[in-house]
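Architecture at a glance
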Amino acid sequence: MKDKIIRIPLVGAILHDWEISRDFAADTKPVTPDVSEDGSSRADSSASVAASPDELDFNFSLKPCGLQGWTASRSGFPSAKVDFAFPAADFPRVLGWFTGNFEGVTSPASSALLRSVSEACERVLTGYLADATAADLFTAPFRVGWAFRYKNGLRKMLRAPELLYVARESPALAIDSFHIAETSAASTVDIRHHPCSLVMTPSKASAAGFAWGDIAYIDIIAAPQASILPKTISVTGTTTVIDGADRFRTYRYNRLNEDAVAGDASMQNDFRILCSIPVSALNGTDQLDIVPATGALAHWKNLAKYSTGSTGADSDDPDDPDKGWEPFVDKITDALDLGMPESRKWIRRVELRGNFRRKGGLKISLYGSRHRQDWHLIASGTNGWCSGLSASGYRWFRVRITGQLDRHHFFDALTFRISRTRE
């Protein structure tokens, strides 16, 4: 038999919102070829058990990252130059700052010296934090959480946001090397701080086995970062610090301590949506990188505010042609016999017809069954189609459609290229 094209219009009640139910207990792995007519298969045909999304949680953590333009030093921290000028009379004191030998120092540091070194340290620290923020890397403690977002735009947060610590106090400027002249000094410092990206790990396997229902996205929600630097940096000299096995000399300035930084972070409540992850993108307990929109951390007010109410996608105007539009669809067809209910058929290709984004817009999954009891995933494809589906023959088929749908977009039909033989 030559391949045959069957077109199934998606009208009436043939296409439904997908929900786990008794009539659709599906395997989640593609089946392997078989020829048995009695329904036996070498693929595992056991039905998956749907879990409730309310059992799911996400664990957030931070991943240290390199920052372009800030050369990593031997210590592994970002490196920078702190250069400053001073009156000649301050030379013995500046030499003592770097060497620890204050022999011959009889006068206090001049205001010109303190102003110059303070401005130099402030330029380094503010420049470093600004570059990290522009790269959408976190530099200070902040509150973060997650919420389910439903197809109608409503959100539900199952637990309170948590406080993540990138650093617990202002970063130290550890002096790695220095050169001193009669009226100027140049030093290389290690900024003892690591900018971080955000990662998330599901607490349970969260792929297709979950009964997501109307849940379309996981929204990642965060509050602004705390202030990790004082408003004005004031350097008064250098000091020796012991940090575990490390001993180093650092510029001494009015660093914020842990209580001040954590207190500031805890009071932040301007929650915004960092990013949204489609539930179809979740894969077991694999760690997910949370990638904010470009410039999100530097332009916080441009992010969408978090609220539990509607996002405004749906209109209450009865004359609005977009009334009922869903930004995210997850639908499945009735069982389809494709005009041959008593015959096994092999699907070569299935395509979704209509007006929608072809590239990266929609995913379709084809399922097959012998007697409409156990459904087996045959294959999935992005961009609204999949092909090469000659693994196993079935009498009945269903197609699931998942993905984003723009306003005014719609589905017309599904077309199947079928054969009565495997080859």
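Computed from a predicted structure; not experimentally measured.

Quick look at the confidence of the model for the protein chain
Here the protein chain averages 83 in pLDDT, while 82% of its residues score no lower than 70. Counted against residues more than four places away or in other chains, residues 32-50, with its pLDDT under 50, gives 37 contacts. Note that pLDDT drops below 50 for residues 310-324; the model gives that stretch 19 contacts with residues more than four away or on any other chain.

Regarding the nonpolar core
Ranked by internal contacts, the top residues of the largest apolar core, which has 33 residues, are Val82, Phe84, Val94, Leu173, Ile191 and Tyr251. Going through the elements one at a time, strand S5 (79-85), helix H1 (91-99), helix H2 (111-134), strand S9 (173-180), strand S10 (184-191) and strand S14 (246-253) are the ones with two or more residues in this core. Tallying contributions element by element places H2 first for this core, with 9 residues. Ignoring sequence-local partners within four residues, the contact set of Ile191 consists of Trp70, Phe77, Pro78, Ala80, Val124, Leu125, Tyr128, Pro171, Ala172 and Leu173.

Things to note about the sheet that holds strand S4 (residues 58-64)
Overall, antiparallel pairing links the 3 strands, which are arranged S4-S11-S16 in an open sheet. With one partner strand each, in any of the chains shown, S4 and strand S16 (288-290) form the two edges of the open sheet. Neighbour-to-neighbour, the strand axes of this sheet turn through a mean angle of 35°, independent of strand direction. Taken together, the 7 bridges between S4 and strand S11 (residues 196-202) define a ladder with antiparallel strand orientation. Its bridge partner being in S11, Phe58 is matched across the sheet by Pro202.

Quick look at the pattern of salt bridges
Going through the model one piece at a time under the given rule, you end up with 17 salt bridges. For Arg159, the salt bridge is made with Glu162, and the minimal N-O distance between the two is 3.5 Å. Judged by its relative accessible area of 26%, Arg159 is partly exposed. Across the salt bridge formed by Arg192 and Asp243, the nearest N and O atoms sit 3.6 Å from each other.

Reading guide: rules and limits
- Positions within a chain are numbered from 1, following the residues in the order the chain's sequence is written.
- Under the rules for a predicted model, residues below a pLDDT of 70 receive no local features and side-chain atom pairs below 80 are neither given nor counted, while totals for whole chains, interfaces and linings still include all residues.
- Calculation of side-chain values draws on the structure's entire complement of heavy atoms; hydrogens and water are dropped beforehand.
- The predictor attaches a confidence to each residue, and that confidence, scored 0 to 100, is pLDDT.
- The contact criterion used is simple: two residues touch if any of their non-hydrogen atoms lie within 4.5 Å.
- Remark: nonpolar core denotes a set of buried residues (Ala, Val, Leu, Ile, Met, Phe, Trp, Tyr, Cys) joined through side-chain atoms within 4.5 Å.
- Relative accessible area decides the class of each residue, using a 1.4 Å probe on protein chains only: under 20% of the type maximum gives buried, over 50% gives exposed, and in between gives partly exposed.
- Elements are defined by DSSP. Helices are runs of H or I of four residues or more, strands are runs of E of two residues or more, and each kind is numbered from the N terminus.
- Think of it this way: DSSP has to see at least two bridges between two strands before they count as a pair.
- Every axis in this analysis is a line fitted to C-alpha atoms, fitted for helices over the stretch in contact. Angles between the N-to-C directions lie between 0 and 180 degrees.
- A pairing counts as a salt bridge when a side-chain nitrogen of Lys or Arg comes within 4 Å of a carboxyl oxygen of Asp or Glu.

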